[in-house]
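Geometric and topological summary
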Amino acid sequence: MRIDVFTLFPEWFDWMRRPRHLTNAALTAGLELRCFSPRDTTPLSNGQVDDAPYGGGPGMVIRADVMAASLEAVYGEPADRVRERRRVIVLTPRGRPFSDAVATELAGEPEIALLCGRYEGFDERVHDVLANDAICLGPFVLAGGEVAAMAVVDAVARKLSGALGNAESLAAESFSEALGGGLEHPHYTRPAVFLGHEVPRVLVSGDHGAIARSR
């Protein structure tokens, strides 16, 4: 699987190649994380990527031709055809809510391109002509799409074969089908007593049936 991130700050993603589940996914599932800056291929002078919005208003808007040039440079085909071969996702408050089910869906894709907005976001034609999906991390506004992209990469990568040390960890975790989309039970470990709070007695009873019912 390959995940391409289009961002004005590609260096922010350097650390994401280090966590264990991401390195595992790279080794066992062929996960490849690449980052590209639209500034490197912009058709405008001095690395410009944005412009003032038509109709007036505060802030700047990332231009559609800038994003098209970036997509064409990476994929070597017309920008409006890039989405025919892969999922091209805009990270935006207007997107569909990101969930565990969406992460599982994306983990089944051979290629994903994540477009990180900045300022007032993208020219609408990026959504209409260049992308074929849009995802929202939650009902709040971030300075850009980078944090949302990191969340998508992290959640998708751990779904890939071999990413986790114990594959059973995926079977019955929060929001999984096994739990009906609900939350996982609380976990306890040593010490048995911490600041006067004891581990529930059922967990140290040795009665696995009772433990399962409790969980």
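Described below are features of the structure shown in this document.

Conventions we followed
Residues numbered from 1 in each chain as written. Predicted model: local features only at pLDDT ≥ 70, side-chain atom pairs only at ≥ 80, totals over all residues. Heavy atoms only, no water. Helix = DSSP H or I, 4+ residues; strand = E, 2+ residues; numbered from the N terminus. Contact = heavy atoms within 4.5 Å. Patch = residues over 30% accessible without salt bridge, like charges linked within 9 Å, V, L, I, M, F, W, Y side chains within 5 Å. Areas by Shrake-Rupley, 256 points an atom, 1.4 Å probe, with all protein chains shown as cover. Salt bridge = Lys/Arg side-chain N within 4 Å of Asp/Glu carboxyl O. Buried < 20%, exposed > 50% of the residue type's maximum accessible area, 1.4 Å probe, protein only. Pairing = 2+ DSSP bridges. Axes fitted to C-alpha atoms, helices over the stretch in contact; angles between N-to-C directions. Expected span 1.5 Å × (residues − 1).

Topologically, Gly-30 is positioned in the loop between helix H1 (20–28) and strand E2 (32–36). As a C-alpha pair, Gly-30 and Glu-109 span 79 residues in sequence and 13 Å in three-dimensional space. Not counting the four nearest positions on each side in its chain, Gly-30 is found in contact with Met-1 and Ala-25.

A few words now on the environment of Met-1. Tracing the sequence through the fold places Met-1 in the segment before strand E1 (2–6). Counting along the chain gives 173 residues from Met-1 to Ser-174, while the straight-line C-alpha distance between them is 24 Å. If sequence neighbours within four positions are ignored, Met-1 has contacts with Ala-29, Gly-30, Leu-31, Glu-32, Leu-106, Ala-107, Glu-109, Pro-110, Ile-112, Val-156 and Leu-160.

Further remarks concern a nonpolar patch on the surface. Taken together, the side chains of Leu-137, Phe-140, Leu-142 and Val-147 make up a nonpolar region of the molecular surface, amounting to roughly 310 Å² of accessible area. Its relative accessible area of 41% is what places Phe-140 among the partly exposed residues.

Right, let's get into the sheet that holds strand E5 (residues 87–97). Read from one edge to the other, the open sheet built from five strands follows the order E2-E1-E6-E5-E7, with strand pairing classed as parallel. Sheet topology places E2 and strand E7 (133–136) at the edges, where each strand pairs with a single neighbour. Within the sheet, the average angular offset between the axes of one strand and its neighbour, ignoring direction, is 30°. Where E1 lies against strand E6 (residues 111–116), five bridges are found, and the strand directions are parallel. Considered in E6, the bridge of Phe-6 is made with Leu-115. Across the sheet, helix H2 (residues 64–75) lies against E1, E2 and E6, angled at about 150° from E1, the strand it touches most.

Time to look at helix H5 (residues 146–157). The terminal C-alpha atoms of H5, which comprises 12 residues, lie 16 Å apart, in line with the 16 Å expected from a rise of 1.5 Å per residue. Of all 12 residues that make up H5, nine are buried, and the element is covered over most of its length. Of the positions making up H5, those classed as buried are Glu-146, Ala-148, Ala-149, Met-150, Val-152, Val-153, Ala-155, Val-156 and Ala-157. Summarising the contacts, the buried residues of H5 are in contact with E1, H1, E2, E5, helix H3 (100–107) and E6.

So, on to unusual backbone geometry. Here Arg-190 and Pro-191 are connected by a cis peptide whose omega angle stands at 5°. Inspection of the secondary structure assignment puts Pro-191 in the loop between H5 and strand E8 (193–194). The phi dihedral of Asn-46 falls on the positive side, at around 60°, and the residue is not glycine. Tracing the sequence through the fold places Asn-46 in the loop between E2 and strand E3 (50–51). Its identity as a non-glycine residue notwithstanding, Leu-195 has a phi of 50°, on the positive side.

Below, the discussion takes up the pattern of salt bridges. Throughout the structure, instances matching the rule amount to 19 salt bridges. The shortest N-O distance in the salt bridge between Glu-105 and Arg-87 comes to 2.9 Å. Note that Glu-105 is positioned in helix H3 and Arg-87 in strand E5, a separation of 18 residues in sequence. Classification of Arg-87 by relative accessible area gives buried; the value is 14%.

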